Amino acid sequence: MSVSLGCQCLLHRFRQWLAARERRSNTTVDEETARLKTAAKTVQAELQKRADSATGDARAVLEATAMMAADPMLLKSANALIVAGTSAERAVWEAGAQVADMLRGLGGYMAERTQDVLDVRSRVVAELRGQPAPGIPTADHPFVLAAEDLAPADTATLNPERVLALITSSGGPQSHTAILARALGLPAVVAARGVEDIEDGTEVFVDGAAGTVLTGPGDVERTAAVIWAEQARSLGTYSGTCTTTDGHRVPLLANVGAGADARKAAEAGAEGVGLLRTEFCFLDRDTEPTVAEQSAAYRQVFDAFPDGKVVVRTLDAGADKPLPFLTDASEPNPALGVRGYRTELSTPGVVDRQLKAIAEAADGATTDIWVMAPMISTAEEARRFADSCAAAGLKVPGVMVEVPSAALTSRTILQHVNFASIGTNDLTQYVMAADRQLGPLAALNDPWQPAVLELIRLTVAGADAARGETDHDAQDGAGGDKSVGVCGEAAADPALAVVLVGLGVQSLSMSSRALAAVAAVIGSVSLADAQELAEKALAAPTALEARAAVRAGLPILETLGL
Amino acid sequence: MIERKATVASRVGLHARPAAIFAEAAGELPVEVTIALEGSPADEAMDASSILSLMSLGAEHGNVVVLRSEDDGAGDALDSLVRILETDHDA
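Conventions we followed
Residues numbered from 1 in each chain as written. Chains lettered and ligands numbered in written order. Predicted model: local features only at pLDDT ≥ 70, side-chain atom pairs only at ≥ 80, totals over all residues. Heavy atoms only, no water. Helix = DSSP H or I, 4+ residues; strand = E, 2+ residues; numbered from the N terminus. Buried < 20%, exposed > 50% of the residue type's maximum accessible area, 1.4 Å probe, protein only. Contact = heavy atoms within 4.5 Å. Areas by Shrake-Rupley, 256 points an atom, 1.4 Å probe, with all protein chains shown as cover. Salt bridge = Lys/Arg side-chain N within 4 Å of Asp/Glu carboxyl O. Pairing = 2+ DSSP bridges. Axes fitted to C-alpha atoms, helices over the stretch in contact; angles between N-to-C directions. Buried area = accessible area lost by both parts, 1.4 Å probe. Polar contact = N/O pair within 3.5 Å; in protein donor to acceptor, adjacent residues only side chain to side chain. Expected span 1.5 Å × (residues − 1). Phe/Tyr/Trp six-rings, centres within 6.5 Å; stacked < 30°, edge-to-face > 60°. Lys NZ or Arg CZ within 6 Å of the ring centre and 35° of its normal.

### Thoughts on the overall build of chain B
Step number 1: A tally of helices and strands in chain B yields three helices and four strands.
Step number 2: The order of α-helices and β-strands along chain B, N terminus first, is β-α-β-β-α-β-α.
Step number 3: Counting all 91 residues of chain B, 49% fall into the buried class.
Step number 4: The contacts in chain B between residues at least 6 apart in sequence include a share of 77% that link residues at least 24 apart.
Step number 5: When the accessible area of chain B is evaluated, it comes to approximately 4200 Å², of which 47% is carbon and sulfur surface.

### So, unusual backbone geometry
All names here are of chain A.
Step number 1: Positive phi, close to 55 degrees, is recorded for A191, a residue that is not glycine.
Step number 2: Positive phi, close to 55 degrees, is recorded for K482, a residue that is not glycine.
Step number 3: Considering the arrangement of structural elements, one finds K482 in the loop between α17 (450–470) and β14 (483–486).

### Observations concerning the pattern of salt bridges
Step number 1: Taken as a whole and assessed by the stated rule, the structure comprises 22 salt bridges over all chains.
Step number 2: When the shortest N-O distance is used, the salt bridge between R68(B) and E3(B) registers 3.3 Å. Residue R68(B) is found in strand β4 (residues 64–69), and its partner E3(B) is found in strand β1 (residues 2–7); the two are separated by 65 residues along the sequence.
Step number 3: You can call R68(B) buried: its relative accessible area is 12%.
Step number 4: Assessed through its relative accessible area of 37%, E3(B) is described here as partly exposed.
Step number 5: Through salt bridges with shared partners, one network takes in E279(A), R313(A), D316(A), R339(A) and D426(A).

### Quick notes on the sheet that holds β1(B)
Residue and element names in this part refer to chain B.
Step number 1: Read from one edge of the open sheet, four strands run β1-β4-β2-β3, paired in antiparallel fashion. Each edge of the open sheet carries a strand with a single partner, namely β1 and β3 (46–47).
Step number 2: Across six bridges, the pairing between β1 and β4 is antiparallel. Each bridged residue has a counterpart across the sheet, and for R4 the counterpart in β4 is L67.
Step number 3: Sheet contacts for helix α3 (residues 75–85): β1 and β4; angle to β1, the most-contacted strand, approximately 10 degrees.

### Comments concerning the interface of chain B and chain A
Step number 1: Counting residues at the interface gives 14 residues for chain B and 16 residues for chain A.
Step number 2: Here chain B meets chain A over a buried area of about 1200 Å², counting both sides, of which 81% is carbon and sulfur.
Step number 3: When the buried surface of chain B facing chain A is broken down by residue, I51(B), L52(B) and M55(B) rank first, second and third, together holding 48% of it.
Step number 4: Our count for the contact surface shared by chain B and chain A stands at zero salt bridges.
Step number 5: In this structure, the connection of chain B to chain A is made through three residue pairs in polar contact (both at pLDDT 80 or more).
Step number 6: Among the secondary structure elements, those contributing two or more residues to the side of chain B that touches chain A are α1 (16–28) and α2 (51–57) of chain B.

### Digging into helix α13 (residues 379–392) of chain A
Residues and elements named next belong to chain A.
Step number 1: Here α13 contains 14 residues, and its C-alpha end-to-end distance of 20 Å stays within 8% of the 20 Å for a straight helix at 1.5 Å per residue.
Step number 2: The complete set of buried residues in α13 reads A379, E381, A382, F385, A386, S388 and C389.
Step number 3: The first or second residue beyond α13 is G393, which carries a positive phi of 85 degrees.

### Considering the packing of aromatic side chains
Residue and element names in this part refer to chain A.
Step number 1: Scanning the model with the defined rule gives two aromatic pairs over all chains in all.
Step number 2: Aromatic pair Y341 and F385: ring centres 5.8 Å apart, planes at 85 degrees, arrangement edge-to-face. Here Y341 is found in the loop between β10 (309–313) and α11 (343–346), whereas its partner F385 is found in helix α13, with 44 residues between them in sequence. Both residues of the pair, Y341 and F385, count as buried.
Step number 3: With centroids separated by 4.7 Å and ring planes inclined at 50 degrees, the aromatic side chains of W370 and F419 adopt a geometry described as tilted. Here W370 is found in strand β11 (residues 368–373), whereas its partner F419 is found in strand β13 (residues 419–422), with 49 residues between them in sequence. Pair check on accessibility: W370 and F419 agree, each one buried.
Step number 4: Sitting above the plane of the W370 ring, K309 keeps its charged end 3.7 Å from the centroid.

Now the structure itself:
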């Protein structure tokens, strides 16, 4: 979300930055290895002290972590790097990375220890530099969080009451930091150069709309911050209905991860769930959850929307969401690997058991339940998934459109399934061939890119054609009707949401926080206006020009401070 | 060089807490001890005092491991480590 915020706050460093080839300078090998040993022992003693004050499992984990800090294997490989001319900081950094890779490759319990090793490594580096230990800081006042990038695991420890804004030196608009910022409704600037040079405690002004970070803000910035805070409050909550000025309805749904999430979305006015990420049942586990366990978890989400729709996405493991019992961590290119629906190739049966659990949860629920598979590339995969849904007794099968091939062949894909939901984050990453985690590629990783907008247009056109072809067939009254929705982060960008509506997208699913802003902006235009803006976006030669042209046609964005 | 064999008694195998207990004991000995799974080459043996090495060894409950030391007078030391391995620390 594009918002600005000025803040009188401390800035905390979260992750460390290390020059790629930091060399040893003015010290001998012996001095440098001694420095490392002392730092490692200090960290070990600190962690042991924490272990002593803990009890039970937490104590055992901390004790093991303390031992890792001065582990002979870790220090031995680090010392070898020091001999080769590397600084102690860089040496322990690289040695820790090697150990982490090895543990990740072992999978299961060992893979879960990867984070412990990386945490220990960060502590040793901080000790060597005489800095405070890293980690999401615990300040008793709100602050701006500065980081290299945030990992999915960080979301659990981040307190939105304390964090005012996020600024990162790495990551693109679809990195976890950006997604997290949108989910929390926080201003964020990603891939911001120079973030690592800002001193702790510096007062900064973060303008999420302009993508700028300013140190030493003046009166103008302070006033802007106060105004934004007021606007954010006055935008209020979503009324539960989104219509254009001429009465065209656009259902706004929420992306949720579990029962509690779904209840929050219902409170925020969402008309249903457009994307239920079922991974929450599976992550952090060594084995597949039972059908009964899954069914109980899904039922909680259905019960949050007794009169609404819930679109369940089957397990999307792989790439940035590895699962020890499903995915192969050693793939050279996980984004192009066995992920999403493709895990059926290597581990058949998981999807069928999941569909069975969804059907069991659906039994007796009044919710309108749709099911879709992630990472579908061909009509044949769509047909197989539709067959599996039918076998499980699930009436509305659909697919995610994330792979460009699915966008290009949506007509034949939608001959087999009832609906499509475009995942703009992965679709952008794949069509632009740009890893969504990489800061330097942020400009490519932009859903306003002409190629992305064109693929969305083609998906809708293919769906229209498929609908025409199936009109004569006796459909058994199942929902879907070859509709195309968007459940990627693009739907949460109010300006882009208008373009999507103009392109013929029928429903939008986003984080609950974005509902009010998206509804307000869509409510300011007619369907014809939206179509005209979509034409302008499609005609623009660059992402920047597309965004500028559409924003110029939506004066309400300025009014609302979006 | 002397060696001893031991069967891993911990039900969770040689990781987590049992590995920490074992690595700590090995680190306190005056001799260097290596550990390997039975049947694996001696030159792939790992430092017994490294918890990270033990974790990568991946010895499960019931696996037989070989402890070795270059110091022929380390018999008692190896015996003490065998006793630790053959105790179920999760019991």
